[in-house]
Amino acid sequence: KGWTSDDAVKKLRGPKGTPVRISLKRSGFDQLIDLAVIRDEIHIPTVPASFMLDPQSGYVRLSEFGENTDQELGQALRALQRQGMKRLVFDLRQNPGGALDQAIKVANRFLPRGAMVVYTRGRVPNSDQDYRATESSDYLNVPMVTLTNRSSASASEIVSGALQDHDRSLIVGETT
């Protein structure tokens, strides 16, 4: 009581496998409920939703670009293909971005090998970098619509921009 969320997180965080004692207040109980909880790693999926919209249309929501995003997306796309996906709605709304390497891998799933995903140009000599699709894609012939909004940023903009630049997806929604 009286703690901010940050205060609670500071007290609850600790090494995996170690105990932390907490007390809960629950309506209908006069006394606090004491518990000992073992700390563990919490995995928050970056692909929180993937399902068929109709017999041919798949939907994938990508909430951010984390260290396992490409792997999670690959699993979702394979599952949708097994269910008959012939076209895809790719939802990047409210996606603030994340890891550049994962954005490149995600774009690679829909672009032909060698296609430019993003490039950087710096003031320092030899700091320029081109990032291209390096793998063969299993989804080059899947028509796509990519959803964006004003909260789609960073890696989301890289992916949606690359898909648009290579005429792989129609971008629908708000300006990022």
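We now turn to the structure provided with this report. All of these numbers come straight from a predicted model, not from anything done at the bench.

Criteria and thresholds
- Residues numbered from 1 in each chain as written.
- Predicted model: local features only at pLDDT ≥ 70, side-chain atom pairs only at ≥ 80, totals over all residues.
- Heavy atoms only, no water.
- Helix = DSSP H or I, 4+ residues; strand = E, 2+ residues; numbered from the N terminus.
- Expected span 1.5 Å × (residues − 1).
- Buried < 20%, exposed > 50% of the residue type's maximum accessible area, 1.4 Å probe, protein only.
- Contact = heavy atoms within 4.5 Å.
- Salt bridge = Lys/Arg side-chain N within 4 Å of Asp/Glu carboxyl O.
- 1 Å grid on protein atoms, 1.4 Å probe; cavity = no way out; pocket = protein on both sides within 12 Å on 5 of 7 lines; lining within 4 Å.
- Points joined across faces, edges and corners; volume = space filled by probe spheres on them.
- Nonpolar A, V, L, I, M, F, W, Y, C, P; charged D, E, K, R; others polar.

1. Quick notes on helix 2 (residues 69–82)
With 14 residues, helix 2 extends 20 Å from end C-alpha to end C-alpha; this agrees with the ideal 20 Å at 1.5 Å per step. Among the residues of helix 2, Thr 69, Asp 70, Glu 72, Leu 73, Gly 74, Ala 76, Leu 77 and Leu 80 are the ones counted as buried. Those residues of helix 2 that are buried are in contact with strand 3 (49–52), strand 4 (57–61), strand 5 (87–91) and helix 3 (100–108). A positive backbone phi angle near 105° is found at Gly 84, which sits one or two residues after helix 2.

2. Quick notes on the pattern of salt bridges
Applying the stated criterion across every chain, the model contains 6 salt bridges. Between Asp 40 and Lys 16 there is a salt bridge, and its shortest N-O distance comes to 3.8 Å. Placement of Asp 40 in the loop between strand 2 (33–38) and strand 3 and of Lys 16 in the loop between helix 1 (5–12) and strand 1 (19–24) is noted, with a sequence separation of 24 residues between them. On the accessibility criterion, Asp 40 (54% relative accessible area) is exposed. The partner of Arg 109 in a salt bridge is Asp 70, and the shortest N-O contact between them spans 2.7 Å. Remark: Asp 70 occurs in helix 2 and Arg 109 occurs in the loop between helix 3 and strand 6 (116–120); sequence separation between them is 39 residues. Of the two residues, Arg 109 and Asp 70, neither departs from the other in class, the shared state being buried.

3. A closer look at the layout of surface pockets
Taken as a whole, the largest pocket spans an internal volume of roughly 300 Å³. A per-class count over the lining of the largest pocket returns 5 nonpolar, 1 polar and 5 charged. Its boundaries defined by the atoms lining it, the second largest pocket holds a volume of some 200 Å³. As for the second largest pocket, its lining consists of Asp 70, Ile 104, Lys 105, Asn 108, Arg 109, Thr 134, Glu 135, Ser 136, Ser 137, Asp 138 and Tyr 139. Broken down by element, the residue count for the lining of the second largest pocket peaks at 3 residues, all from helix 3.

4. What about the side chain of Thr 148?
Secondary-structure assignment places Thr 148 in strand 8 (residues 144–148). When residues no more than four places from it in sequence are discounted, the contact partners of Thr 148 are Arg 93, Ser 160, Ile 171, Val 172, Gly 173, Glu 174 and Thr 176.

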